[in-house]
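# Inside the fold
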Amino acid sequence: MFEKILIANRGEIALRILRAAKELGIATVAVHSTADSEAMHVKLADESVCVGPPPARESYLNIPALLAACEITGAEALHPGYGFLSENARFAEILAEHHIVFVGPKPEHIRLMGDKIEAKRTALRLGIPCVPGSAGAITDEAEAKAAAKELGYPVLIKAAAGGGGRGMKVSFSEDDIASALETARMEAKSAFGDDSVYLEKYLEKPRHIEVQILGDGRGGAIHLGERDCSLQRRHQKVWEEGPSPALNESQRKEIGEICAAAMRELQYAGAGTIEFLYEDGKFYFIEMNTRIQVEHPVTEMITGVDLVNEQIKIAAGSALTLTQDDVIFNGHAIECRINAEHPATFRPSPGLINYYHPPGGLGVRVDSAVYAGYTIPPTYDSLVGKLIVHGRNRNEALMRLRRSLDEFIIDGIDTTIPLFQTLVRNSDIQNGLYDIHWLEKFLADGGMDGTE
Ligand code: MV4
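Cut-off values and rules
- Residues numbered from 1 in each chain as written.
- Predicted model: local features only at pLDDT ≥ 70, side-chain atom pairs only at ≥ 80, totals over all residues.
- Heavy atoms only, no water.
- Near = heavy atom within 4 Å.
- Polar contact = N/O pair within 3.5 Å; in protein donor to acceptor, adjacent residues only side chain to side chain.
- Helix = DSSP H or I, 4+ residues; strand = E, 2+ residues; numbered from the N terminus.
- Nonpolar A, V, L, I, M, F, W, Y, C, P; charged D, E, K, R; others polar.
- Buried < 20%, exposed > 50% of the residue type's maximum accessible area, 1.4 Å probe, protein only.
- Contact = heavy atoms within 4.5 Å.
- Axes fitted to C-alpha atoms, helices over the stretch in contact; angles between N-to-C directions.
- Parallel < 35°, antiparallel > 145°, perpendicular 65-115°, else oblique.
- Pairing = 2+ DSSP bridges.
- Left-handed = near helix turned anticlockwise from the far one by under 90°.

## Some points on the site of the ligand
As a structural note, the neighbourhood of the ligand is formed by 17 residues, with Lys158, Glu200, Lys201, Leu203 and Glu287 the closest of them. Here a nitrogen atom of the ligand sits 3.0 Å away from a polar atom, N or O, in the side chain of Lys158. The contact in question runs from a nitrogen atom of the ligand to an N or O atom on the side chain of Glu200, over 2.9 Å. Elements represented by at least two residues in the shell around the ligand include exactly β6 (155–159), β8 (197–201) and β13 (282–289). Grouping the amino acids of the shell around the ligand by side-chain chemistry returns 8 nonpolar, 5 polar and 4 charged.

Here it is in structure tokens:
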């Protein structure tokens, strides 16, 4: 096992990684920008290194500074968390060249899944069901028209370098496909520097369901069930839960086993998430994330498996010690992403937290790096913390969520807690009846009016 690990991240995920490292007896190195000198991850780490000024590009994304921090402290491994450099294949290669272990998949798999056309081609080859679409990149209008005619409208044009919804355009008929293609290419070029696009049948009312997997890089792989992340706003997940209210036991087992078998074939190493759209009882692969995700605690609560601990052991070269039969699904978990934003307008609200009182009790987990007296800088994302509740069934989890939200006090800034207090009392949410458009419709219909 490693003796020392560097955590190339900030906020709640830096703390999450620190906790896993400490439990494994590994010394921790925090890195931080000058905006984060007072951050909790810096206070809790054994050592810390300042890697640059506030902009992420000059600090948390500053590869030479991170290499120097490893060198100075003697860290043998680096955990990237999520965001920042977590899905940068070149960074993983550079670390390897410097004999530092990247806690994550092989660079070839990061690169493969970063190209959405290649990812889909691979998924098809591995027997994962995909959204019907063009076989590869679409280069001109004639090709787009032919593919769309074959699929039937509406179709969706997506950026090969995309993900997260940027560079996506729906086309409803032959009349608008040329302009959709043009716009998608332009957006893809400016967002990713790559104007390659592909085409898919547009699914109108799907849910977003993702399968958590772990692979050991030598042909061992298991799945840890699914999370339903349909409740989102502007491609930002808001509420995640597992198991999905839409699936039954046999569907869960079937899609999980397909994913695990694919990862064994790929010899995938580390934690990964295979994302699907789910509509009318069928799964459609859209992309794969090759990192630990924000919502990983949902899976930890229902399986009892420490995913970050597993990531570190795999990176150190261990074979998986868990078998599929060791993964026992227990009850239901819900995560709410609490942001420093106004609950109705979503206007960012950085600033000083005067008073902080997190909820507790049975089945309640709070992953956060804030404290009373801490000032949230305006520089990074607005996640203040995650409230995760667990119950023996979905109803118990909902009851626990309701009372935890009512207990949670964060004074001095606006947070999205009131949004969740409204959602947990909504009958569609209580009945699990929602798709990827539900939350935006709810907000547009004035669901949070009166909170302004
Ligand atoms: C789709 C889709 C409908 N049909 N693909 C958005 C982000 C990107 N990762 C994939 N996305 C979508 N792909 C087809 N063929 C609808 C979306 C989509 C979406 C997906 C998941 C969660 C929220 C979403 C919100 C809007 C659109």
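## Quick word on the side chain of Ser33
Within the secondary structure, Ser33 sits in strand β2 (residues 27–33). The exposure class assigned to Ser33 is buried, which follows from its relative accessible area of 0%. Within the local environment of Ser33, its side chain forms a polar contact with the side chain of Tyr380, the two groups lying 2.6 Å apart. Ser33 has contacts with Cys50, Gly52, Pro53, Pro54, Ser59, Tyr60 and Tyr380, leaving out every residue within four places of it along the chain.

## So, the packing of helix α4 (residues 89–97) against helix α5 (residues 107–114)
Running from N to C, α4 and α5 cross one another at 170°; their axes reach a closest spacing of 8 Å. Comparing the axis directions of α4 and α5 gives the class roughly antiparallel. Of the residues in α5, those touching α4 at Ala89, Arg90, Ala92 and Glu93 are Pro107, Ile110 and Arg111. Of the residues belonging to the contact of α4 with α5, the class tally is 4 nonpolar, no polar and 3 charged.

## Points about the sheet that holds strand β12 (residues 269–279)
Taken together, the 8 strands give an open sheet; going across it, the order is β13-β12-β9-β10-β11-β14-β19-β17, and neighbouring strands pair in antiparallel fashion. Both outer strands of the open sheet, β13 and β17 (364–368), are each paired with one neighbouring strand and no more. The average undirected angle you get between the axes of adjacent strands in this sheet is 25°. Bridge analysis of strand β11 (residues 236–242) against strand β14 (residues 332–339) gives 4 bridges, and the strand direction is antiparallel. Note on β14: the bridge partner recorded for Glu241 is Ile334.

## Considerations on the packing of helix α7 (residues 141–151) against helix α8 (residues 174–192)
Viewed as axis vectors pointing N to C, α7 and α8 meet at an angle of 130°, and their least axial separation amounts to 10 Å. In terms of axis orientation, α7 runs oblique to α8. In this structure, α7 meets α8 at a crossing whose hand is right-handed. Contacts from Glu141, Ala144, Lys145 and Ala148 of α7 reach α8 at Glu174, Ile177, Ala178 and Leu181. Residue composition of the contact of α7 with α8, grouped by class: 5 nonpolar, no polar and 3 charged.

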